[in-house]
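Given next are the chains, with one letter for each unit.
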Amino acid sequence: MKTSTRPAFTNSQATRTLGHVLRLLQPYQSRIAFALVALFVGSSINLIFPEVIRRALRPETFSLILDRLPVFFGLLAALFVVQGGAFFLRSLLFGLLGQHVYDDVRKRLYTSVLSKEIEFFDHHRSTDLAARLNSDAALIQDLVSVKLSVILRYGVQVVLGTVLMAWMSWRMTFAIVASVVCMVAISGIFARKLRAASRLFQTSLATLTSFAAESFGGAKIIRALGAEDEALSSFVAQSTEVLEAGQGRVRISAAFSSGASLLLNVLLLGVVWYGVSLVLSEKLPLSDLAAFALYGSIVAVSFAFLVSSYAEVVQSLGGLDRVFELWDPIQSKTDTTTEVIGEGGPALLCTDVTFAYPTRPECAVLEGLHLSIPGGTIAGVMGPSGAGKSSIVQLLLKFYGHQKGSITINGQSLLDISNSELRTKVAWVPQDPLLFGVSILDNLTLGTPRGTREDIEPTIRAWGFLDFVFNLPEGLSTILGEHGAQLSGGQRQRIAIARALLRQPHLLLLDEATSGLDSDLEDKVLATIRAVLPKATIVIVSHRLSSVRGADTVFLINEGRVVEQGTHDELKQAGGLYAHYTARQAVG
Ligand SMILES: Nc1ncnc2c1ncn2[C@@H]1O[C@H](COP(=O)(O)OP(=O)(O)OP(=O)(O)O)[C@@H](O)[C@H]1O
Ligand SMILES: [Mg+2]
């Protein structure tokens, strides 16, 4: 399990990411305006003090102040109180803003990921996606609550301070501004390195988190295989990668911030030296030089903070890019309003279908598949492992698109059938159905939220294959462990079948859905399914003859095409592959 590819973080990505952040802030304009006023007031007050000192040092104002010392200090104290209030408001408003935006990002990211095409999940590990929702998305909160406010605060101080300095001596200010412009240009180079280093760090951290989550989830398998040492050494190696990536980021960031601060201080020293020469030649009053130096130091410190905050913002943008690249929900391209599946089970027709998975486009899984299932009948689909049976089911669910041929439902191309119609009228039960760590009742009503306990309980009691649920002390309210871990495989399958039946589908796709049941129970479940859905079209994919022999037509699939088809008796008589299975499985 190695770290995935590490694309460099380009300037256009940074701009796109910044654009996303600004759009996220748009709904909060009025709050931001308040926060900005508080920020402006607080930061401007800082800049009043050098001016106060400049005036106090002048002989004509010095004596005036001496006469009114209590008033002078009272005014200063009042300024501090205003500044404190402004500081409080600024921290509060930016802090709350950060929380809101983080909440928006979490919700939007979750929605975006859930609405991705199914092939997206073939490329992405669920644990990596969870890491993006967690550690990567959290960067936005810090960015908005802390970094944005810091940048604006010091930005205001730098701009206002520079204006005031220029008002006192434009020559010295010009020297400073020119040097700073050069510095900013140099820092652009650092910024690019820092963004790349930051993305590398977030990616390797997410890989490490995924690995840990997978090994904790698979702890039983690791224990049974005695693979603890292997898992540990893999973890240690990946953790070291994270350490190295983190160290790389820290080195660049430290060099960036300290270098900028050093340069700035040296610059300031030179300017003050120049200022002293102006004072000595009586071109500048000493009080102005003192005030200028104070403004200079405020601007220098603010600028140094600005540079290091900029470095941190760049790092955050690098990590946030991992969030925004999953951002836009993919809209279904094929939603229509005409209803294709009416009353009763639909007829299915696959004509000359060729299909390869997007992850392996060169390997055709289905090749020239012809399959015709009349509406309202039961079709059994059998065949060796890897023949393409589950792939047919996934095409019918529109999880993937086929490359050649046509698939129609009731004569209408599958591509023209809306996803919403498909999801309401078709139910699918895979071999290893996913149950969630909520109550059995909530698992049963997933996708049919209108179903209440009063509606459901008598129904499933009558079906008779979920008796085990009612023998549990908490019955339908029993909370299942992660992925339904507290149930046996067959019990999980029965809940999943019940979940599908409760949706009253017109087309039911069972993919090895009864593989964990003994023959008696399987017969009972299949008979119940037919009784509950007397008109539906039912597709039963199975390795076991016992599951398909009651079907109206059995299709035998091999290497991506139908090689035999007919009733159980016809195929048994035909003496082909199906007859071979009959002999092996000793079914009469
Ligand atoms: N998501 C996927 N991406 C790429 N290839 C896949 C994917 N799922 C299945 N395949 C490949 O497609 C082929 C057919 O797989 P499929 O799951 O349809 O077989 P199957 O007949 O259902 O087998 P089994 O009886 O073992 O369930 C296999 O070679 C498999 O490796
Ligand atoms: Mg399969």
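Residues numbered from 1 in each chain as written. Chains lettered and ligands numbered in written order. Predicted model: local features only at pLDDT ≥ 70, side-chain atom pairs only at ≥ 80, totals over all residues.

## With respect to the overall build of the protein chain
Along the protein chain, the regular secondary structure elements total 21 helices and ten strands. Sorting the 588 residues of the protein chain into buried and exposed places 35% on the buried side. The long-range fraction of contacts in the protein chain, counting pairs at least 24 apart against all pairs at least 6 apart in sequence, stands at 81%. (Helix = DSSP H or I, 4+ residues; strand = E, 2+ residues; numbered from the N terminus. Buried ≥ 20, exposed ≤ 12 C-beta atoms within 10 Å, placed from the backbone. Contact = placed C-beta atoms within 7 Å.)

## Re the site of ligand 1
Near ligand 1 there are 13 residues, and of these Y357, S385, K389, S390 and S391 occur at the shortest range. Of all the elements, helix α12 (residues 389-396) adds the most residues to the shell around ligand 1, at three residues. For the shell around ligand 1, the per-class residue count stands at three nonpolar, seven polar and three charged. (Near = placed C-beta within 6 Å. Nonpolar A, V, L, I, M, F, W, Y, C, P; charged D, E, K, R; others polar.)

## Looking at the packing of helix α5 (residues 69-114) against helix α7 (residues 126-168)
Relative placement of two packed helices is described by the angle separating their axes and the distance separating the axes. Taken N-terminus to C-terminus, the directions of α5 and α7 make an angle of 155°; their axes are 8 Å apart at the nearest point. As judged from the angle between their axes, α5 and α7 are roughly antiparallel. Pair α5 / α7 crosses with right-handed handedness. Per-class residue counts for the contact of α5 with α7 are 15 nonpolar, six polar and three charged. (Axes fitted to C-alpha atoms, helices over the stretch in contact; angles between N-to-C directions. Parallel < 35°, antiparallel > 145°, perpendicular 65-115°, else oblique. Left-handed = near helix turned anticlockwise from the far one by under 90°.)

## Some thoughts on the environment of G342
Within the secondary structure, G342 sits in the loop between α11 (286-324) and β1 (348-356). Judged by the 10 C-beta atoms lying within 10 Å of it, G342 is exposed. For G342 and N410, which are 68 residues apart along the polypeptide, the C-alpha to C-alpha distance reads 9.0 Å.

## Brief notes about unusual backbone geometry
Residues other than glycine seldom take positive phi values, yet D352 does so here, at roughly 50°. Located in the positive-phi region is N410, a residue other than glycine, with phi close to 50°. Within the fold, N410 resides in the loop between β4 (404-409) and β5 (412-413). Looking at N410, the number of C-beta atoms within 10 Å reads 18, which means it is partly exposed.

## Some thoughts on the nonpolar core
Among the nonpolar cores identified, the biggest contains 67 residues, and V381, L508, L509, V539 and I540 are the most heavily contacted of them. The dominant element in this core, judged by the number of residues it contributes, is helix α17 (residues 489-502), at seven residues. For V381, the residues in contact, after removing those within four places along its chain, are K389, I392, V539, I540, V541, F555 and I557. One finds F94, L200, L205 and A206 within the second-largest nonpolar core, a separate group that totals 65 residues. (Core = buried A, V, L, I, M, F, W, Y, C linked by C-beta atoms within 7 Å.)

## A few points about the sheet that holds β1
Ordered by their spatial adjacency, four strands build an open sheet running β2-β1-β4-β5, and the pairing between neighbours is antiparallel. Both outer strands of the open sheet, β2 (364-373) and β5, are each paired with one neighbouring strand and no more. Inspection of the sheet shows β4 paired to β5 by two bridges, in the antiparallel sense. Bridge pairing in β5 links I409 to Q412. (Pairing = 2+ DSSP bridges.)

## Considering the pairing of strand β3 (residues 378-382)
β3 sits mainly inside the fold: five of its five residues count as buried. Side chains I378, G380 and M382 project from β3 onto one buried face, and the interleaved A379 and V381 project onto a second face that is buried too. In this sheet, strand β8 (residues 537-541) lies alongside β3 in parallel orientation, the contact comprising four bridges. In the sheet register, A379 faces β8, and the bridge partner there is V539. Two elements, β3 and strand β9 (residues 553-558), share four bridges in a ladder whose sense is parallel. If you follow G380 over to β9, its bridge partner there is V554.

## Re the sheet that holds β3
Strand order in this open sheet of six strands is β6-β7-β8-β3-β9-β10, and the pairing throughout is mixed. Across the chains shown, the open sheet's two edge strands, defined by having one partner strand only, are β6 (426-429) and β10 (561-566). Strand-to-strand twist of the sheet, defined as the mean angle between neighbouring strand axes without regard to direction, takes the value 15°. When β9 meets β10, the two strands line up antiparallel, connected through five bridges. Directly across from I557, in β10, lies its bridge partner V562.

## Section: the confidence of the model for the protein chain
Per-residue confidence for the protein chain averages 86 on the pLDDT scale, and 96% of its residues sit at or above 70. Under a pLDDT of 50 for its full length, residues 1-8 has, in the predicted model, eleven contacts with residues more than four places off or in other chains. (pLDDT = per-residue confidence, 0-100.)

## With respect to the environment of T528
With respect to the helices and strands, the residue T528 is situated in helix α18 (residues 519-532). When the 17 C-beta atoms within 10 Å are taken as the criterion, T528 is described as partly exposed. Placed 64 residues apart in sequence, T528 and G464 show a C-alpha to C-alpha distance of 8.6 Å. Once you skip the residues sitting within four places of it in the chain, T528 turns out to touch W463, G464 and F465.

## Regarding the domain arrangement of the protein chain
In many reports, interface size means the accessible area that the parts give up when they come together. Partitioning the protein chain into structural domains gives domain 1 (14-324) and domain 2 (348-563). The interface of domain 1 with domain 2 comprises four residues on the first partner and four residues on the second. (Domains from an automatic or database assignment.)

## Examining the packing of helix α2 (residues 29-46) against α7
Axis separation between α2 and α7 bottoms out at 9 Å; the angle between their running directions is 45°. One way to sum up the angle between α2 and α7 is to call them oblique. When the axes of α2 and α7 are compared, the crossing they make is right-handed. Touching L36, L39, F40, S43, S44 and N46 of α2 are S149, L152, R153, V156, Q157 and L160, all from α7. Here the residues of the contact of α2 with α7 are counted per class, giving six nonpolar, five polar and one charged.

## Quick notes on the pairing of β4
Pairing between β1 and β4: five bridges, direction antiparallel. Note on β4: the bridge partner recorded for L349 is T408. Counting the residues between successive antiparallel strands, the hairpin from β4 to β5 contains two residues, one of them, N410, with a positive phi of roughly 50°.

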